[in-house]
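In case you want the letters, here they are:
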Amino acid sequence: MQDGGGMTDETCESKIYVGNIDQRVPESNVIKMFSPFGKIISEDFLWHTRGPKRGEPRGYAFIQYSAKEEALLAKTKMNGRFVSGRPLVVRLASEKHLGDMESKFACAETKANDARSSTLGQMNRNAKIAAIRNKLKSLEEQGGCAPKKPRLLTNSLPPGNKDHSLTGYQESD
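Residues numbered from 1 in each chain as written. Predicted model: local features only at pLDDT ≥ 70, side-chain atom pairs only at ≥ 80, totals over all residues. Heavy atoms only, no water.

1. A closer look at unusual backbone geometry
In step 1: Unlike most non-glycine residues, Asn 20 shows phi in positive territory, near 65°.
In step 2: Considering the arrangement of structural elements, one finds Asn 20 in the loop between β1 (15-19) and α2 (27-34).
In step 3: Judged by its relative accessible area of 26%, Asn 20 is partly exposed. (Helix = DSSP H or I, 4+ residues; strand = E, 2+ residues; numbered from the N terminus. Buried < 20%, exposed > 50% of the residue type's maximum accessible area, 1.4 Å probe, protein only.)

2. Considerations on α2
Because an α-helix completes one turn every 3.6 residues, residues spaced three or four positions apart along the sequence face the same direction.
In step 1: Within α2 the residues assigned to the buried category are Val 30, Met 33 and Phe 34. Within α2, the buried residues cover an arc of 85° as seen down the axis, which keeps them to one side.
In step 2: Residues of α2 that are buried make contact with β1, β2 (40-47), β3 (57-65), α3 (68-78), β4 (82-83) and β6 (89-92). (Arc of directions from axis to C-beta. Contact = heavy atoms within 4.5 Å.)

3. Points about the nonpolar core
In step 1: Residues Ile 16, Val 18, Ile 21, Val 30, Phe 34, Tyr 65 and Leu 88 are the most contacted members of the largest nonpolar core, which totals 19 residues.
In step 2: For this core, the elements supplying multiple residues, two or more each, are β1, α2, β3, α3 and β6. (Core = buried A, V, L, I, M, F, W, Y, C linked by side-chain atoms within 4.5 Å.)

4. Concerning the packing of aromatic side chains
In step 1: The full count for this structure, using the stated rule, is four aromatic pairs.
In step 2: Between Tyr 17 and Tyr 60 the ring centres are 5.9 Å apart and the planes differ by 40°, which places this aromatic pair in the tilted class. With Tyr 17 in strand β1 and Tyr 60 in strand β3, this pair connects stretches of sequence that are 43 residues apart.
In step 3: Here Tyr 60 falls in the partly exposed class, since its relative accessible area comes to 23%.
In step 4: Grouped by ring-pair contacts, the aromatic residues Tyr 17, Tyr 60 and Phe 62 constitute a single cluster. (Phe/Tyr/Trp six-rings, centres within 6.5 Å; stacked < 30°, edge-to-face > 60°.)

Listed below in structure tokens is the structure:
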């Protein structure tokens, strides 16, 4: 496959996504499970970096092989294999968003599709916001839902406190 610059993108074709990894499976075991299929160039085992699960495994990893054939072999042999009671999901990284179909797109095309879908998502969000605003406007026009006006509480001071600077009330002595 080629990227926009005309260069072959071997990285994308030889990288696999491994998902549905049980949290109890250590990173070293993932490497041991996938090393028989070829030379592993890199491995990214992802961890939660924020929130209550910080420091815990996210349940997926990316493994880069030296050749596309090794990645395809690992996918064929390991996809669906049960590890700690869970079936692994193994795909080429370029297939991650395309389901189980064979990928017909280069990584650059997949990224372009992701950008387009996020734009559509943003348009859908904007359309929802506009619909909510229109609904509120129609309710206000019908008198069913008048916006609340802020009110000042003049009796909110403790007894004996004559500081009414927030209420605008001036007490005469």
